[in-house]
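Descriptive structure summary
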Amino acid sequence: MDKDEHFTEFVTFSIAGQLFGLPIAQVQDVFKPMNITPVPLAGTEIAGVLNLRGRIVTAIEMRSRLEAQPRDSGAEAMAIGIEAKGESFGLLIDAVGEVLKLADFELESNPINLERKLAALSVGVYRLDGQLLVILDIDEVLRLRGEAAAA
Amino acid sequence: MDDLLREFLTETNENLERVDAEIVRFEHEPNNSEILSNIFRLVHTIKGTCGFLGLPRLETLAHATETLMSRFRDGMPVTGDAVTLVLSAIDRIKIILAEIEEEQGEGGGDDSDLIEVLYRLAGHARVNGSPASDAVDGVQDEPASPAPADANFAAREQNASERSGEKRERLTSYSIRVQVETLDNLMTRVSELVLTRNQLLEIVRRHEESDFKVPLQRLSNVTAELQEGVMKTRMQPIGNAWQKLPRIVRDLCAELGKDIELEMHGANTELDRQVLEMVKDPLTHLVRNCADHGIESPPERLAAGKTRSGKIRLSACHQGGHIIIEISDDGRGLDIERIRALALQRGLLSESDLAAKSDSEICNLIFTPGFSTATHVTSVSGRGVGMDVVRANVEQIGGTIDLKSVRKIGTTFSIKIPLTLAIVSALIVEVSGERFAIPQLSVLELVRTGGEHCIEWIKDTPVLRLRKALLPLLHLNEILHLGQSKPDHGFVVVMQVGNQVFGLVVDGLFHTEEIVIKPMSSKLRHIAAFSGTTILGDGAVIMIIDPNGIVQALGRASPVLARTPEAEAMEGEGAGKEDLTPLLVFRAGSQQPKAVPLSLISRLEEIDRGRIELSNGQHFVQYRGQLMPLLCIDARTSTDRNGMQPVLVFSDHSRSMGLLVDEIVDIVEQRLDVEIASEQPGVLGYAVVKGRATEVIDVGHFLPQAFADWLDQRDARPAPLAPKVLLVDDSAFFRDMLGPLIKAAGYRVHAAASAAQALAALSSGIAIDVVVTDIEMPGMDGFALATTLRQDPRTARIPVIALSAMVSTDAIHRGRRAGFHDFVAKFDRTGLIAAIKEQTDELHAAA
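Keep in mind it's a predicted model, so treat the numbers as computed, not measured. (Residues numbered from 1 in each chain as written. Chains lettered and ligands numbered in written order. Predicted model: local features only at pLDDT ≥ 70, side-chain atom pairs only at ≥ 80, totals over all residues.)

**A few points about the overall build of chain B**
Scanning chain B from N- to C-terminus turns up 27 helices and 35 strands. The buried share of chain B, reckoned over its 847 residues, is 36%. Considering only intrachain contacts with a sequence separation of at least 6, the fraction spanning at least 24 residues in chain B is 64%. (Helix = DSSP H or I, 4+ residues; strand = E, 2+ residues; numbered from the N terminus. Buried ≥ 20, exposed ≤ 12 C-beta atoms within 10 Å, placed from the backbone. Contact = placed C-beta atoms within 7 Å.)

**Concerning the overall build of chain A**
The helix and strand tally for chain A stands at four helices and ten strands. Counted from the first residue to the last, chain A has its helices and strands arranged as β-β-β-β-β-α-β-β-β-α-β-β-α-α. Counting only residues that meet the buried cut, chain A has 34% of its 151 residues in that class. Taking all contacts inside chain A whose residues are at least 6 apart in sequence as the whole, residues at least 24 apart take part in 53%.

**Quick notes on the packing of helix α3 (residues 56-73) of chain B against helix α5 (residues 112-122) of chain B**
All names here are of chain B. Running from N to C, α3 and α5 point in directions that differ by 20°, and their axes come no closer than 9 Å. Judged by the inter-axis angle, α3 sits roughly parallel to α5. Note that α3 runs across α5; the crossing there is left-handed. Side by side, α3 and α5 meet where T60, L61, A64, T65, T67, L68 and R71 of the first sit next to L114, I115, L118, Y119, L121 and A122 of the second. The residue inventory of the contact of α3 with α5, partitioned by class, reads nine nonpolar, three polar and one charged. (Axes fitted to C-alpha atoms, helices over the stretch in contact; angles between N-to-C directions. Parallel < 35°, antiparallel > 145°, perpendicular 65-115°, else oblique. Left-handed = near helix turned anticlockwise from the far one by under 90°. Nonpolar A, V, L, I, M, F, W, Y, C, P; charged D, E, K, R; others polar.)

**Points about the interface of chain B and chain A**
Listed per partner, the contact involves 23 residues of chain B and 20 residues of chain A. Those elements that place two or more of their residues in the side of chain B that touches chain A are α8 (180-206), β17 (530-535) and β18 (541-545) of chain B. Counted by class, the side of chain B that touches chain A contains eleven nonpolar, eight polar and four charged residues.

**Notes on α5 of chain B**
All names here are of chain B. Of all eleven residues making up α5, nine are buried, and the element is well covered by its neighbours. Burial in α5 covers these residues: L114, I115, E116, V117, L118, Y119, R120, L121 and A122. Looking at the residues trailing α5, positive phi occurs at G123, about 75°.

**Describing the sheet that holds strand β8 (residues 95-103) of chain A**
Residues and elements named next belong to chain A. The strand order β8-β1-β2-β10-β9 describes an open sheet built from five strands, whose pairing is mixed. Only two strands of the sheet have a single neighbouring strand rather than two, namely β8 and β9 (122-127). Direction aside, the axes of adjacent strands within the sheet are offset by 35° on average. Sheet analysis places strand β2 (residues 18-23) next to strand β10 (residues 132-136), joined by three bridges and oriented parallel. In the strand pairing of β10, F20 is matched with V134. (Pairing = 2+ DSSP bridges.)

**Here we look at the sheet that holds strand β34 (residues 800-804) of chain B**
Residue and element names in this part refer to chain B. In spatial order, the strands read β32-β31-β33-β34-β35; together these five strands make up an open sheet with parallel pairing. Each edge of the open sheet is held by one strand with a lone partner, namely β32 (748-752) and β35 (822-825). This sheet shows a mean twist of 20° between the axes of neighbouring strands, independent of strand direction. The pairing of β34 with β35 spans four bridges and is parallel. The partner of A802 across the bridge, within β35, is F823.

**Points about unusual backbone geometry**
Located in the positive-phi region is E67 of chain A, a residue other than glycine, with phi close to 55°. Checked against the element boundaries, E67 of chain A lands in the loop between α1 (62-65) and β6 (78-84). Its identity as a non-glycine residue notwithstanding, K408 of chain B has a phi of 70°, on the positive side. Inspection of the secondary structure puts K408 of chain B in the loop between β6 (400-406) and β7 (410-418). The exposure class of K408 of chain B is exposed, given the 12 C-beta atoms found within 10 Å.

**Notes on the pairing of strand β26 (residues 656-660) of chain B**
Residue and element names in this part refer to chain B. A large share of β26 lies buried, amounting to five of its five residues. Of the pairings in the sheet, the one linking strand β24 (residues 626-632) to β26 comprises three bridges and is parallel in character. Residue pairing across strands places C632 opposite L660, the latter belonging to β26.

**Points about the environment of D460 of chain B**
Residues and elements named next belong to chain B. Along the polypeptide, D460 turns up in the loop between β11 (455-458) and β12 (461-466). Its 18 C-beta neighbours within 10 Å are what place D460 among the partly exposed residues. Between the C-alpha atom of D460 and that of S602, which follows or precedes it by 142 residues, the distance is 5.0 Å.

**Quick word on the confidence of the model for chain B**
All names here are of chain B. Of the residues in chain B, 77% have a pLDDT of 70 or more, and the chain-wide mean is 74. Per-element mean pLDDT across chain B ranges from 35 in helix α20 (residues 565-575) up to 92 in β18. Long-range and interchain partners of residues 375-384, a stretch whose pLDDT sits below 50, account for 16 contacts in this model, where long-range means more than four residues apart. For residues 557-579, every residue scores under 50 in pLDDT, and the model assigns this stretch 33 contacts once sequence neighbours within four places are set aside. Across the predicted assembly, pTM comes out at 0.43 and ipTM at 0.87. (pLDDT = per-residue confidence, 0-100.)

**A few points about the packing of helix α2 (residues 33-53) of chain B against α3 of chain B**
Residue and element names in this part refer to chain B. Two elements in contact, α2 and α3, have axes whose closest approach is 9 Å; the angle formed by their N-to-C orientations is 150°. One way to sum up the angle between α2 and α3 is to call them roughly antiparallel. Between α2 and α3 lies a crossing whose hand is left-handed. From α2, L36, I39, F40, V43, H44, I46, K47, C50 and G51 reach across to α3, where they touch L58, E59, A62, H63, T65, E66, M69, S70, F72 and R73.

Put into structure tokens, the structure is as follows:
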């Protein structure tokens, strides 16, 4: 049970007071988003595009993705860099937490009463000391409404 | 050196390099057929290309080698001697190549010794006589033993391979092959370098006296050059994709017994290497297709009265951010009836579907999978690689393919490939504080607004007068739903997309910059206004405007746009709808619909209720840099809620007022008969619109309310000097509507309900400066009135302006003959005022 393959390392971060996690293998990097160019006519989840070391990154505002209140003005966001289907994305979050190594068997399925929007984006939940860690389903997170409507 | 020759040398040297290794294996495994065919193929290629390039010495040698190789392929045992001989031949080829590179000619060497031995071993007697063939006869009797000859070769070869080694090194410096991926990575790194450079520049700027200043300046320049250089590496002239076509056409001519000339234009048009690679095959296929199916045989051509030799024309050019490649032939054109029949026979379409299709749509059916028009399969085309594959290939790189065909005249294929991944020159513009890139290719010119070039409005449509042409305008901030821009000074980017020329209004212009188009994120690809993203020199990411996406907005900028007076007049002529009036139906206060002629409204706006200000008991809103008074049509129209409030904007020349309404319901076009007059102020009367009793609003009632001085100000002018307009119209509605408007423009108005009343007024001695008359009137019509006025010496000098629902050329001619000075469409409010002004000004000038 103490073998590495039964554990997954998660990058944890908080959005609107809730702790979330993504497997470290899915996270390219963590950066401070700067000079985000807003994209007119884009969906509300799209915070804009930015240049990260020569790559164009599409920034996704996780607060609007989760339909949470907008971040207080002045509060700076952090970004989780994701690579998906050859494209770069930056998930704008409130703050980055520590990397946790958690046993796979401890991942619990979504509580039945988990908010529906959240449940749709989550693969499961870890019960940590004093708080819950919601593990995000990155494919679902990147499936935006605007895009589906246009397709 | 000729590009073609250079490419041949590079390619052949590379292949020889590979074959060197193969040959060593060949020696060990002389019966390995795979190695044999590899070498055979190379030699065969050299032979073929030499023939094309006009290198007979190399061709002869390669041919002899090929002959021997083909014997091996046929099963002749491979001996060590034979391998040595083939090696010698290949080395000789290298020598000749080296000589070609050095002298750009084959040199005067003689290979007959080697050739003879090759043929002898192959067991062939040489058929065609060459100077060398005489020498053969002497040796032919000797037992086949190439050994003595080999000794000679060995010395020469050693010498030669040294020389060729040295030469090849030189050749590689001409060009090398690099993976596109490597270039992409390089590009990314350079972008990072640029970013870092900019950060450094920023830091140094803060420190006045820095030792870093000078070296950093140098670093900056080098970085810029590096960036430019790396960008250029990806670009290739399209001619590179055409190089092999002359040869292909030549071969086809021989094979098909046709005579075809290949013309190529715009070979220098540059496009991205990757795109180039992908367009190569479709192009080749189309050219083959033209040669095979398009161009007729010489007898057929002569019979059709054409020149003996057919022509295939290949051209490429940049157009609006795309590259257009056209392949046209002057052949027989597509057989539309045959395509129809085939489509039916293959079950692609039903008879009724086909009947509904135009000829050009039918032509495009050849791109459908499973379609081939060739009646017989030739070796050239019709081997199952159909036009559907061509289309698929073109579409794969985001392009489109189209064809035009005229029977007996020829066929033209146009391929349009977007410049995705390519570098374009772009104009960087600013609107509402954001920067955007507009591909320079679609920009015709730039105009600063204000002064001579100011933006004017035809009803709801902004236009710019540019060298006597009216240019439709689009505001970029409106298209992109950005905030208000600075209206006082801006720029118009005059753009062309296809045949459509239009102006895009922006706040500011920066420089032009060579930008690398980066594909759009999949999350943003649905936004038609943008074609991609790019990273600017300062590291910022900006969106690239897609002119094609923008031009779509021309059609739907506003509902009124499509309803210009011209359009109405034209419709009126065609469909007998001259009595139809476009009406805007809305609700305000009550549930009962209200209507106002659309022509009176200059804009429909939605304003944020939060922006409505109250001053002195009057509502105002900041609108286009001015305070616009707002009125409620009905006191019950609520203004206290939050959110957006629809507003009808009415504009005079310099002033606007807004009428607050609850909801805009519809725009209908119908005959306007005000059936019941109303006593209620602000309501002209009631009409039946779409089956419902509808209040017709009297705009004239509201204008003075908005500006207490709207009328006073004008009336303040010395009354006797204000020209007097005699307004003749049988419709009370129009009299009531136009009267206040003419008054508002500063004229005195005398209204008459018929021609008879008008004549009576004139003869009663009222001084009239201008007559404005309706044409269609019961009893005496407008034409008759004008004629009568002309005939009376007292009234002959009074200008007459005709108001007509239909402004047809015929009506204008008739009007001119009758003595009308001007013709104005009935709903063209601004036009009417302008016409009155023009006529009265002339009057004053004449006086």
